[in-house]
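One-letter residues, chain by chain:
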Amino acid sequence: MFLVLEPHDLVHRDICLRVAEFLDGSDDGVLCVRRQRAECIRVGELDAGDGNGYRTDIVVVHQFIGQNTSLVLGWHEQGLAKIDDLGLLALVVTLIVLVLAMCGVTFIVAAAGVALGVLEAFLAAIATTAGALFAVLSHLVSPRMEPRDTNGDAVDVTLHDDVRLVLVKVVVPFLEDFFALLNAFDIVDSHLDQHEKPPMKSYGVHCTRVCLRRKSLYTFIMKSGFVSIFGKPSVGKSSLMNTILGTKLSIVSPKQQTTWYNILGILNKKDAQVCFVDTPGYHKVSKSKLNKYLVETALQSLEDIEVVYFVIDQSAYPDAEYEEMIPIVTKLGKPIFLVVNKLDLDTAKRHDMVAAPFVEKLHPTAVFHVSAATGAGVSPLVKATIDAMPVGEPYFDDKTLTSHPIELIVADTVREQLFSRLQDELPYSTAVVTDDITESAKGIRAMVSVYVAKDSQKGMIIGKGGELIATIKDVARKNLVHFLGERVELDVRVKVEKNWNRKLVTMKHFGLAVSKK
Ligand SMILES: Nc1nc2c(ncn2[C@@H]2O[C@H](COP(=O)(O)OP(=O)(O)OP(=O)(O)O)[C@@H](O)[C@H]2O)c(=O)[nH]1
């Protein structure tokens, strides 16, 4: 079988060509080809024999037969060169017909010795060859190739059924291709052995790596996008992101407004990268500059996202604050997932009732009932989120968990302890800044300052005999060791910066930039 791919399409969008048969004899797959950079097609991970289907890299050997058209001659899977059956059949038919034609010419020349006879016989042979080839290709090729997109809808890739094109462009370079193809597989083999990547061009034949996988398992090669985890304070946004990521990236405390920054947490899957943004809790803006900063930061998270999680907890009801939040989210025009958290606390099984008024106003794409604490319901949420991501390049390296600098992670880990251990409003009067950090083979050494807004607050944080600050330092250090997986030395000093939370310049210096409006 010949597949006609269009490099033009490869450059601009993904194409999926249904193939009639797969290398393992199955017939329910999709051959996905996607251009990653100008010269290189995205390579999926080699992962053969995965559960009830398989995914594997293959190298497609193809020939550019026009500026925008390429003819797939065969492929190469895990060191196993395959010349497609139909491709081989067409090549053999061509060869046989050409040989017979040559014999006919020789016979006529020998028998008649007449120049005109030679010419007639030669033209007849060519016509026979073309006719035979046309019959074979039109019968076998066209019904077997139906370009489809991921939804199974027909894709406007028309050249595959243009038999004329196949005839005109293919018959002539056939013999050349045949030998080039055999040669190319050898070249691909040895190149893969040596360089672990295919040569992009060999003897006029091009090699392209693609990922072959069953449609039921993977629809596309890679999906990626951003999700804002939006909601009121303390509904469990940070806990939810941590549960999704399987690690405690965002700080959590029973106090409201623990999260002060948009924390990026990256979920890396084999076929998807989802970038979650944990946000400060949205609340009615008061006169406090810190509150204003937190709300502005939460709103910024809604820019350039693919999906928004509207997180409520199982005790929520649509109050004035929600009335303010709902239009902000609906006007984004993005898929909204209503996430009802703290399912484990819903002993009265009210969660459907709780969700109902939000569903009515928010018109969410889907509703999920989860417990960030126990993990219940989180897998379907993640699965639906991945499904909702567009096809695209990963934004970050697949080992990256967050784009947050280590300085901020260290400062936030200390701040988490302040929030967990200080009473009333005191945590909201403290800002934590990492002054210096050194990383060496021995581990990490960090100097952290805790700023308070009044002299009287300093003693409250240090505690009697320095006990409280010692505990804060010790627990924060252990948490950092756990998170970073290396030795940590932590030095925490308490300093007074009078009324820092009323001065925009100081707040900016502490990483809490708020607009002047
Ligand atoms: N029982 C229970 N508690 C939860 C759950 N999710 C979060 N919590 C608790 O709720 C409190 C607030 O959780 P966070 O994850 O900090 O909430 P948040 O929405 O990020 O809070 P802000 O930083 O104020 O925006 C913490 O004490 C969590 O332990 C849950 O599913 N079940």
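Residues numbered from 1 in each chain as written. Predicted model: local features only at pLDDT ≥ 70, side-chain atom pairs only at ≥ 80, totals over all residues. Heavy atoms only, no water.

Undergrad: Is there a simple way to explain the overall build of the chain in this structure?
TA: Per the secondary structure count, the chain includes 14 helices and 19 strands. When burial is assessed residue by residue, the chain has 49% of its 517 residues classed as buried. Nonlocal contacts in the chain, meaning residues at least 24 apart in sequence, comprise 69% of its contacts between residues at least 6 apart. In the form shown here, the chain has an accessible surface area of approximately 24,500 Å², with 55% of it arising from carbon and sulfur atoms. (Helix = DSSP H or I, 4+ residues; strand = E, 2+ residues; numbered from the N terminus. Buried < 20%, exposed > 50% of the residue type's maximum accessible area, 1.4 Å probe, protein only. Contact = heavy atoms within 4.5 Å. Areas by Shrake-Rupley, 256 points an atom, 1.4 Å probe, with all protein chains shown as cover.)

Undergrad: Looking at this model, I keep getting lost on helix α9 (residues 351-362). Mind explaining?
TA: Side chains three or four residues apart in an α-helix point the same way, a direct result of the helix having 3.6 residues per turn. Along its 12 residues, α9 runs 16 Å from first to last C-alpha, staying within 8% of the 16 Å computed at 1.5 Å per residue. For α9, the full list of buried residues reads H351, V354, A355, F358 and L362. Across the axial projection of α9, the buried residues extend over an arc of 85°, all falling on one side. Away from its buried face, by an angle of more than 90 degrees, α9 presents the exposed residues D352, M353 and E360. (Expected span 1.5 Å × (residues − 1). Arc of directions from axis to C-beta.)

Undergrad: Any chance you could explain the packing of helix α8 (residues 320-330) against α9 here in plain terms?
TA: Between two packed helices, what matters for the description is the angle formed by their axes and the separation of those axes. The N-to-C vectors of α8 and α9 enclose an angle of 45°; their axes lie 10 Å apart at closest approach. By the angle between their axes, α8 is oblique relative to α9. Pair α8 / α9 crosses with right-handed handedness. Seen from α8, the contacting residues are Y322, E323, I326 and T330; seen from α9, they are F358, K361 and L362. Taken together, the residues that form the contact of α8 with α9 break down as 4 nonpolar, 1 polar and 2 charged. (Axes fitted to C-alpha atoms, helices over the stretch in contact; angles between N-to-C directions. Parallel < 35°, antiparallel > 145°, perpendicular 65-115°, else oblique. Left-handed = near helix turned anticlockwise from the far one by under 90°. Nonpolar A, V, L, I, M, F, W, Y, C, P; charged D, E, K, R; others polar.)

Undergrad: Mind showing me how you'd approach the confidence of the model for the chain here?
TA: Reading predicted coordinates in detail is not appropriate for stretches of low pLDDT. Residues at a pLDDT of 70 or more form 62% of the chain, whose mean pLDDT is 72. Predicted confidence is poor over residues 141-150, with pLDDT under 50, and the contacts of this stretch with residues over four places away or in other chains come to 31 contacts. The low-confidence segment residues 211-220 (pLDDT under 50) makes 52 contacts with residues lying over four places distant or belonging to another chain. (pLDDT = per-residue confidence, 0-100.)

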